[in-house]
Structure formats: structure tokens, C-alpha cells
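Tertiary structure, described
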Amino acid sequence: MLDLKAVDSGYGETQVLHGMTVTAQEGRVLAILGRNGAGKSTTLKTVMGLLPTKSGQITFNGRVIDRERPYGIARMGIGYVPETRDIFRSLTVRENLDLAARRFAPPPGGWTMERVLDLFPRLGERMSNGGMQLSGGEQQMLAIARALLMNPRLLILDEPTEGLAPIIVKLIHDRLMDLKQTGLSMILVEQNFGFATSLADDVVIVSKGQIVWSGTPDEIRADKELQHRWLGV
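The paragraphs below set out a description of the structure included in this document. (Residues numbered from 1 in each chain as written. Predicted model: local features only at pLDDT ≥ 70, side-chain atom pairs only at ≥ 80, totals over all residues. Heavy atoms only, no water.)

1. Looking at the overall build of the chain
A count of helical and extended segments in the chain gives 10 helices and 10 strands. Expected size for 233 residues packed as a compact globule is a radius of gyration near 17 Å; at 17 Å, the chain falls within 12% of this value. The dimensions of the chain, computed from C-alpha atoms along their principal axes, are 45 × 40 × 35 Å. Every one of the 233 residues in the chain was classed for burial, and the buried ones make up 54%. (Helix = DSSP H or I, 4+ residues; strand = E, 2+ residues; numbered from the N terminus. Rg over C-alpha atoms; globule rule 2.2 N^0.38 Å. Buried < 20%, exposed > 50% of the residue type's maximum accessible area, 1.4 Å probe, protein only.)

2. Concerning the environment of Leu-176
Here Leu-176 is to be found in helix H7 (residues 166-181). Here Leu-176 falls in the buried class, since its relative accessible area comes to 2%. Sequence separation between Leu-176 and Gly-131 is 45 residues; the distance between their C-alpha atoms is 22 Å. Not counting the four nearest positions on each side in its chain, Leu-176 is found in contact with Ile-144, Leu-157, Met-186, Phe-195 and Leu-199. (Contact = heavy atoms within 4.5 Å.)

3. Brief notes about empty space enclosed by the protein
Scanning the entire structure with this criterion turns up 1 cavity of 30 Å³ or more. Approximately 60 Å³ is the volume found for the largest cavity. Those elements that place two or more of their residues in the lining of the largest cavity are strand S1 (2-11), strand S2 (14-24), strand S3 (29-33) and helix H1 (40-47). Residue classes in the lining of the largest cavity are distributed as 9 nonpolar, 2 polar and no charged. (1 Å grid on protein atoms, 1.4 Å probe; cavity = no way out; pocket = protein on both sides within 12 Å on 5 of 7 lines; lining within 4 Å. Points joined across faces, edges and corners; volume = space filled by probe spheres on them. Nonpolar A, V, L, I, M, F, W, Y, C, P; charged D, E, K, R; others polar.)

4. Quick notes on the layout of surface pockets
Here the largest pocket is characterised by a volume of approximately 570 Å³. If you go around the largest pocket, you meet 21 residues; those closest to its centre are Ala-74, Tyr-80, Phe-104, Arg-146 and Met-150. Among the secondary structure elements, those contributing two or more residues to the lining of the largest pocket are helix H2 (70-76), strand S6 (78-81), helix H3 (93-103) and helix H6 (136-148). In terms of residue count, the dominant contributor to the lining of the largest pocket is H2 (4 residues). Considered class by class, the residues forming the lining of the largest pocket number 16 nonpolar, no polar and 5 charged.

Nothing here speaks to function; it is all geometry.
Pasting the structure below:
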């Protein structure tokens with residue numbers, strides 16, 4: 001579904017990705033693991049057009065997207081939940097969701113306001129509250145719900161559990177598992193090793209802007225030396 005081939009990218013003169021090559025398969029969850037600063041978030045931002053591709057190629061469903069603007073990439077069917085969540089803090093929960101719902105009309109059987117509120121009932125209780133009044137967990141629920149209202153074919157999540165209490169981490173895990181069971185393709189960047197490997201079908205490890213290992217969750221869970229070497233687990 002998504003294919004990066006020999007992609008170089010970074011911030012200004014600072015190159016972070018060095019020939020990044022990775023593929024996300026349709027209907028599967030890909031976990032991208034690695035230490036802080038390895039290039040995981042940079043990879044996602046480059047996919048979304050938030051950082052320029054200096055060389056290499058990115059394709060989505062066979063279409064080259066590495067010269068598209070972020071809004072064009074979103075319209076093609078890639079939903080993005082950034083590490084910073086980026087909800088509109090001055091708007092209510094309802095207004096945040098309405099923005100996506102109005103812009104992206106749902107296909108038959110797609111994500112609607114009612115359906116995302118079934119997934120996250122807490123948001124239904126907070127519809128009139130402003131974004132700045134939400135807890136960190138509620139903001140993450142809102143960011144995911146907003147992305148789903150775009151009815152993406154691929155959902156990308158950057159550190160969805162960062163800074164959240166364990167009970168909220170479990171809730172987010174369970175909801176993402178629900179999404180996986182619908183067949184939604186996902187890419188997950190996550191520092192929580194157990195969280196990531198319990199959701200993933202495929203795992204890659206990034207170090208210094210390159211893929212240094214790829215395999216299955218079972219393989220990486222069984223290899224303690226690998227975990228220690230590349231993840232510090």
C-alpha cells in the first residue's frame with residue numbers, strides 16, 4: 001500500500017533519513033521501532049509531505065506522492081495522528097470533529113460522527129468542551145477520531161501513548177485493536193514495546209535513518225539481544 005524506496009529527508013541542511021526503504025502492506029499493521037532520534041517521526045512527516053523528499057520515491061497505491069502537498073496526500077486516503085495531536089484547542093470537540101466530517105464525506109459503511117462516538121464514548125460526553133479543557137487521553141481520542149472521519153485507507157499514528165496514564169494506554173490499545181479487526185491498514189511509531197508488538201503484524205527497526213531489522217512481532221519478542229542492542233529494552 002505504501003512504499004518508500006531509498007528516501008533521503010531531514011530538516012533543512014540536517015539529513016535524518018539515509019536511503020529509507022520500507023513497505024506497509026494493505027490490511028496489516030506495521031510498527032516502526034527505534035531509539036529516540038532514530039528517524040521514526042521524520043519518516044512519517046516525510047510520507048505526509050511535511051518534510052521534503054530530497055531523493056528516492058514514495059508511492060501510495062502505486063501513485064507517486066513525494067511531491068504532493070500534505071492536504072493532497074490526506075485526500076488520497078492517508079490519515080495522520082501526529083505526536084503533538086494538533087487538535088484545535090480553541091474549538092469544541094464537536095467543532096473539531098465537524099471540520100473533518102464536512103470535508104470528507106463518508107463512503108457507504110464508512111466512518112461517521114455516530115460511529116467514532118461509539119468507538120470513543122468519552123468524546124460524546126465532552127462534545128461542548130473546548131480542546132484546551134481535555135485531558136491528554138481525551139485529546140488523543142479526539143485526534144484519532146478526527147483522522148477516522150477522513151475515512152482513510154491508511155492510518156498513521158506517531159507515539160499514540162506518549163504521556164498517557166496506563167489505564168488510557170490500555171483503552172487506546174483496545175480501540176486500535178478494534179480498528180485492526182476492521183481491516184484498516186496502519187503504521188504505528190511507538191516507544192512502548194509491548195503496546196507496539198501486540199498490535200503489529202510486521203515490525204521494522206530504524207537506526208540513524210535506515211532500516212536495520214525487519215521481521216515479525218514473535219521474532220523480536222523472542223530476541224532479547226536484538227531488543228537491547230537497537231531499542232534499549
